[in-house]
Amino acid sequence: MTFFHPKDLMDIYQRYGAVKSKGHVDHLTYKLNYFIDVSKNKEGKLKFNKKNQPITIHPSSTQIIEQMLDYRLRQLANLSQRQVVRIQEGTLISHLVHGLGAGHVTETAMTIHSVYGVPYIPASSVKGIVRHWFLQTFCDGIENRLEEKDELSIAYEDVAGSQEHRGKVSFFDVFIPSGTLIPDVMTVHFPSYYKNKGKRPAGDDDSPKPILFYTVQSDARIEFPFMITMLRKPNSPFTHEQLAEIVSDWLQKAMSELGIGSKTASGYGHFHDWKDVTDEKIMKLQQRMKREQEERIQAQEEKAAQEKEEALLESMTEEEQLVYLITNLKPNNEQDKAASKNEHFIAVLETENVKAAEALKAYWQQTNEWKIKAKPKKKQEVKVMQLRKLLNEL
């Protein structure tokens, strides 16, 4: 395979990437836009390999985008205390084609986020399709009707803005976190007609020209968040909350009825199974953040207690340390029970520490393991006898 890349980048790819990823690049931006197999035909012209194969969004990219979406949700949760936030969630009915007409050496493209390496729909596209749906639905596609200043037109002005007023709704980028890029084909039956801009009549002597392109197939639930600023009062008679409900309705209908991206008339880019997940997601996040805060506080308290204990032990002699450790053993802790019979018991005998022996005797009495036998046979009974000798009880 031949790639037209700077030599230093290709050296890195051949040394690390080709080995670890078995010749494939995980980041979709690089894979689709840069790592394209190129050869030369008989005339010496570059020829791009268009034998598209299905490409699954790599789990590492999914993990990264899910972390980013979690971070964004945290920011939206904070914003919801001062602004009106809504998160609509939908599912693709078929496939999505976005950015097909963008410039690309293979003549077909796809909108892939350059940082996260996953397909996404820019916020400007979301706002644009909502605007287009409104014009088609309420204005018969005639933009001048927005100047009539009726209730709906003013509500639209609150959403999208105008020359006189700034819009109050902010849409966010929509990410497809997981799925597969599926190869598809569209066939131009009269390429000469289109190439000559209609100057040559379309005829049966023209050879159809198949064009390969990628579509996104995903079963994931996809988030469509937006925010309404409360810093400015709506010009329409609706409250901020009512405006949020209106925008949610327009968004869902625009995505369901019109679809987004390319080839929507052929069924691409349509969504269904809509659900407002704002309260659900923010409530779950707040509960998780509360647990995380409690865990952080507990960890800090445990660390402070440990540091305090370490400082206290450093101020003691070895004999005092042993007494302290035995005194603080917990009767219901199996690890503490085992430690009392092993390292602590051995240390008591080696140092002949009477106070530590008294502390160990008290601990075994708590755990019901201080059993006195005239002729001890079991290991614990022998250990009790040894402690009694140290305590001059025999």
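This text follows the structure it describes.
The structure displayed is predicted, hence computed values, not measured ones. (Residues numbered from 1 in each chain as written. Predicted model: local features only at pLDDT ≥ 70, side-chain atom pairs only at ≥ 80, totals over all residues. Heavy atoms only, no water.)

Caption draft 1: How the structure looks around the pattern of salt bridges. Tallying each qualifying case throughout the model produces 20 salt bridges. Linking R221 and E89 is a salt bridge whose minimum nitrogen-to-oxygen distance equals 3.3 Å. Placement of R221 in the loop between β9 (209-217) and β10 (222-228) and of E89 in strand β4 (residues 84-92) is noted, with a sequence separation of 132 residues between them. On the basis of relative accessibility, which here comes to 10%, the residue E89 falls in the buried class. Note that E143 is salt-bridged to R131, the shortest N-O span being 2.3 Å. Taken together, the positions of E143 in the loop between α4 (123-138) and α5 (151-160) and R131 in helix α4 put the pair 12 residues apart, joining distant regions of the chain. Looking at E143, the relative accessible area reads 45%, which means it is partly exposed. When its relative accessible area of 29% is taken as the criterion, R131 is described as partly exposed. (Salt bridge = Lys/Arg side-chain N within 4 Å of Asp/Glu carboxyl O. Helix = DSSP H or I, 4+ residues; strand = E, 2+ residues; numbered from the N terminus. Buried < 20%, exposed > 50% of the residue type's maximum accessible area, 1.4 Å probe, protein only.)

Caption draft 2: View of the sheet that holds strand β8 (residues 180-188). The antiparallel open sheet is built from 3 strands, whose spatial order is β3-β8-β9. Each end of this open sheet is capped by a strand with a single partner; those strands are β3 (55-56) and β9. Here β8 runs beside β9; their pairing, made up of 9 bridges, is antiparallel. Each bridged residue has a counterpart across the sheet, and for V188 the counterpart in β9 is K209. (Pairing = 2+ DSSP bridges.)

Caption draft 3: Looking closely at the pairing of β8. Direction of pairing for β3 relative to β8: antiparallel, over a ladder of 2 bridges. Note on β8: the bridge partner recorded for I55 is L181.

Caption draft 4: The arrangement of the pairing of β4 in detail. Extensive coverage of β4 is indicated by the burial of 9 of its 9 residues. Inspection of the sheet shows β4 paired to β10 by 7 bridges, in the antiparallel sense. Bridge assignment links R86 to a residue of β10, and that residue is F226. Inspection of the sheet shows β4 paired to strand β11 (residues 271-276) by 4 bridges, in the antiparallel sense. In the sheet register, Q88 faces β11, and the bridge partner there is D276.

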